Amino acid sequence: LLVGADGANSRVREHAGIELTRSSYHQLALVCAVATEKSHQQTAWQCFMPTGPLAFLPLFNGQSSIVWSLDEDQAGEMLALDDAMFMRALAEASEYQLGDITAVSERKTFPLAHGHVNNYVKPGLALIGDAAHTIHPLAGQGANLGIADAISLADVLLTARQAGRQWYALHTLLKYQRQRKAENRLMETSMSGFKVLFGQTNPLLTEMRNAGLSLVDQLPAIKNLLSRHALGGGH
Ligand SMILES: Cc1cc2nc3c(=O)[nH]c(=O)nc-3n(C[C@H](O)[C@H](O)[C@H](O)COP(=O)(O)OP(=O)(O)OC[C@H]3O[C@@H](n4cnc5c(N)ncnc54)[C@H](O)[C@@H]3O)c2cc1C
C-alpha cells in the first residue's frame, strides 16, 4: 500500500491520475518570524481584517511566526518594503498588540487556495493530508485534518487486519475515504465561509457576525464543543 502524504503539490496524486478541484483565493500568505517589544505570553493572537487574517503564533525562542493573508498586489507591496518600513506597517496592522516589531526574518509568500480530490483512494493507494485537501489557514486547521486522516487510515487498516480481512483491499480503503471525506469537505466549506464572513464591510453583516461571536463566547458549553471539534476531539 502506498500512502501519498507528500503535501499540496503531491507527485503521488499526480502520478496516480487523481484529479484535484482547486480554487484560488487570489491571495498570498506572507510568513516570517518577528521579534516584538512585548512578550507573546505563549498566546496565539489573530486579527481579522477585511483583506484576511493576520496571525502571530508564539515560538519557543520568544519570537512570533506571522501569517498575514493579503491580496496579491498588497502582498507584493509588503515584500517590496525594506525591513524597517515593513516592521512599521506590520506593527500598525496589528494595532500594536505586541508593541513595536523589533526584528524580522526573511519574508516568504505562499499562494492561498482550497482544493479537494474526489477520490482519496485507488487500489493500492491512499492519499492523506494536504495531498487530498487544502483549506484556508485562517483557523490553523490544516495539520489537524491531516493527522485525523492518518489516524483514521491506520485505524481502518488495523481493524481489517485484526479481523483477518484484506487490509489493503479497495473496499477497506474506501472505508477510510467515507470516514474522512465529509468531515474534511465540511471544514473546507466552513473556512471559505469564514473567509467571506470576515471579509465583509457591510455594517449590518459585521454587526450580526460580531453579535454571533460574542454569544458563542458567553456560552461555555458551545464554546467548548467548538474548541474540542477544532482540536480533533471526535477522534
Ligand atoms: C501560510 C500557511 C500557514 C499555515 N498555518 C497553519 C496553522 O497555523 N495550523 C495548521 O494546522 N495548518 C496550517 N497550515 C496548513 C498546514 O501547513 C498543512 O495543512 C500541513 O502542513 C499539511 O501536512 P502534510 O503532511 O499533509 O503536508 P506537508 O506539511 O506539505 O508535508 C509534505 C512533506 O512531503 C515532502 N515531499 C513532497 N514531495 C516529496 C517528494 N517527491 N519526495 C520526498 N518528499 C516529498 C515535503 O518535503 C514535506 O515534508 C498553513 C499553511 C500555509 C500555506
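Model, not experiment: these values are computed from the prediction. (Residues numbered from 1 in each chain as written. Predicted model: local features only at pLDDT ≥ 70, side-chain atom pairs only at ≥ 80, totals over all residues. Heavy atoms only, no water.)

**Considerations on a nonpolar patch on the surface**
Together, Leu1, Val3 and Tyr168 make up a nonpolar patch on the protein surface, roughly 250 Å² of accessible area in all. Along the polypeptide, Val3 turns up in strand β1 (residues 2-4). (Patch = residues over 30% accessible without salt bridge, like charges linked within 9 Å, V, L, I, M, F, W, Y side chains within 5 Å. Areas by Shrake-Rupley, 256 points an atom, 1.4 Å probe, with all protein chains shown as cover. Salt bridge = Lys/Arg side-chain N within 4 Å of Asp/Glu carboxyl O. Helix = DSSP H or I, 4+ residues; strand = E, 2+ residues; numbered from the N terminus.)

**Brief notes about the domain arrangement of the protein chain**
Taken domain by domain, the protein chain comprises domain 1 (2-19 + 118-199) and domain 2 (24-111). For domain 1 and domain 2, the distance between their C-alpha centroids amounts to 30 Å. Across the contact, 6 residues belong to domain 1 and 9 residues belong to domain 2. Counting the surface lost from both domain 1 and domain 2, the interface buries some 740 Å², and carbon and sulfur atoms represent 62% of this. Linking domain 1 with domain 2 are 0 salt bridges. On the surface where domain 1 and domain 2 come into contact, there are 0 residue pairs in polar contact (both at pLDDT 80 or more). (Domains from an automatic or database assignment. Contact = heavy atoms within 4.5 Å. Buried area = accessible area lost by both parts, 1.4 Å probe. Polar contact = N/O pair within 3.5 Å; in protein donor to acceptor, adjacent residues only side chain to side chain.)

**What to know about the site of the ligand**
In the vicinity of the ligand lie 14 residues, with Asp6, Asp130, Gly140, Gly142 and Ala143 positioned nearest. At 2.8 Å, a side-chain N or O of Asp130 approaches an oxygen atom of the ligand. Between the ligand and Ala143 there is a distance of 2.9 Å, counted from an oxygen atom to a backbone nitrogen or oxygen. Contact with the protein chains removes 47% of the 990 Å² of surface that the ligand exposes when unbound. Looking at the shell around the ligand, the elements that each hand over two or more residues are β2 (20-36) and α4 (142-162). The residue inventory of the shell around the ligand, partitioned by class, reads 7 nonpolar, 5 polar and 2 charged. Taken domain by domain, the makeup of the shell around the ligand includes at least three residues from each of domain 1 (2-19 + 118-199) and domain 2 (24-111). (Near = heavy atom within 4 Å. Nonpolar A, V, L, I, M, F, W, Y, C, P; charged D, E, K, R; others polar.)

**Some thoughts on the packing of aromatic side chains**
According to the stated counting rule, one finds 4 aromatic pairs in the structure shown. Taken together, a centroid distance of 5.6 Å and an interplanar angle of 70 degrees make the contact between Trp45 and Phe56 edge-to-face. Pair noted here: Trp45 is in strand β3 (residues 45-49) and Phe56 is in strand β4 (residues 52-58), with a separation of 11 residues, a long-range link. Measuring from ring centre to ring centre gives 5.2 Å for Trp167 and Tyr168, while their planes differ by 85 degrees; the resulting arrangement is edge-to-face. (Phe/Tyr/Trp six-rings, centres within 6.5 Å; stacked < 30°, edge-to-face > 60°.)

**A closer look at the layout of surface pockets**
If a probe the size of a water molecule is rolled over the atoms, the empty space left behind becomes visible. Computed from the structure, the second largest pocket encloses a volume of approximately 510 Å³. Along the walls of the second largest pocket sit 21 residues, with Pro111, Leu112, Asp130, Thr134 and Ile135 positioned nearest its centre. Considering only residue class, the lining of the second largest pocket consists of 12 nonpolar, 6 polar and 3 charged. Taken together, domain 1 (2-19 + 118-199) and domain 2 (24-111) each give at least three residues to the lining of the second largest pocket, which thus spans both. (1 Å grid on protein atoms, 1.4 Å probe; cavity = no way out; pocket = protein on both sides within 12 Å on 5 of 7 lines; lining within 4 Å. Points joined across faces, edges and corners; volume = space filled by probe spheres on them.)

**Here we look at the environment of Glu95**
Topologically, Glu95 is positioned in the loop between α3 (83-93) and β6 (101-104). Taking the C-alpha atoms as reference, Glu95 lies 9.1 Å from Cys47; in sequence the two are 48 residues apart.

**Notes on α3**
Along α3, the residues that are buried comprise Phe86, Met87, Leu90, Ala91 and Ala93. In a view along the axis of α3, the buried residues occupy a sector of 160 degrees, so they form one face of it. Looking at the buried side of α3, the elements it contacts are β2, β3, β4, β5 (64-71), α2 (72-80) and β6. Positive backbone phi, at 55 degrees, marks Glu95, one or two positions downstream of α3. (Buried < 20%, exposed > 50% of the residue type's maximum accessible area, 1.4 Å probe, protein only. Arc of directions from axis to C-beta.)

**Overview of the pattern of salt bridges**
What the rule picks out here adds up to 4 salt bridges. In this structure, Asp83 engages Arg107 in a salt bridge whose closest nitrogen and oxygen atoms are separated by 2.6 Å. Of this pair, Asp83 sits in helix α3 while Arg107 sits in the loop between β6 and β7 (108-117), placing them 24 residues apart in sequence. Residue Asp83 is classed as partly exposed on the basis of its relative accessible area of 40%. On the basis of relative accessible area, Arg107 is assigned to the buried category, the value being 14%. Among the ionic pairs, Arg180 bridges to Asp149, the shortest N-O distance being 2.7 Å. Of this pair, Arg180 sits in helix α5 (residues 170-198) while Asp149 sits in helix α4, placing them 31 residues apart in sequence. For Arg180, a relative accessible area of 0% translates into the label buried. For Asp149, a relative accessible area of 0% corresponds to the buried category.

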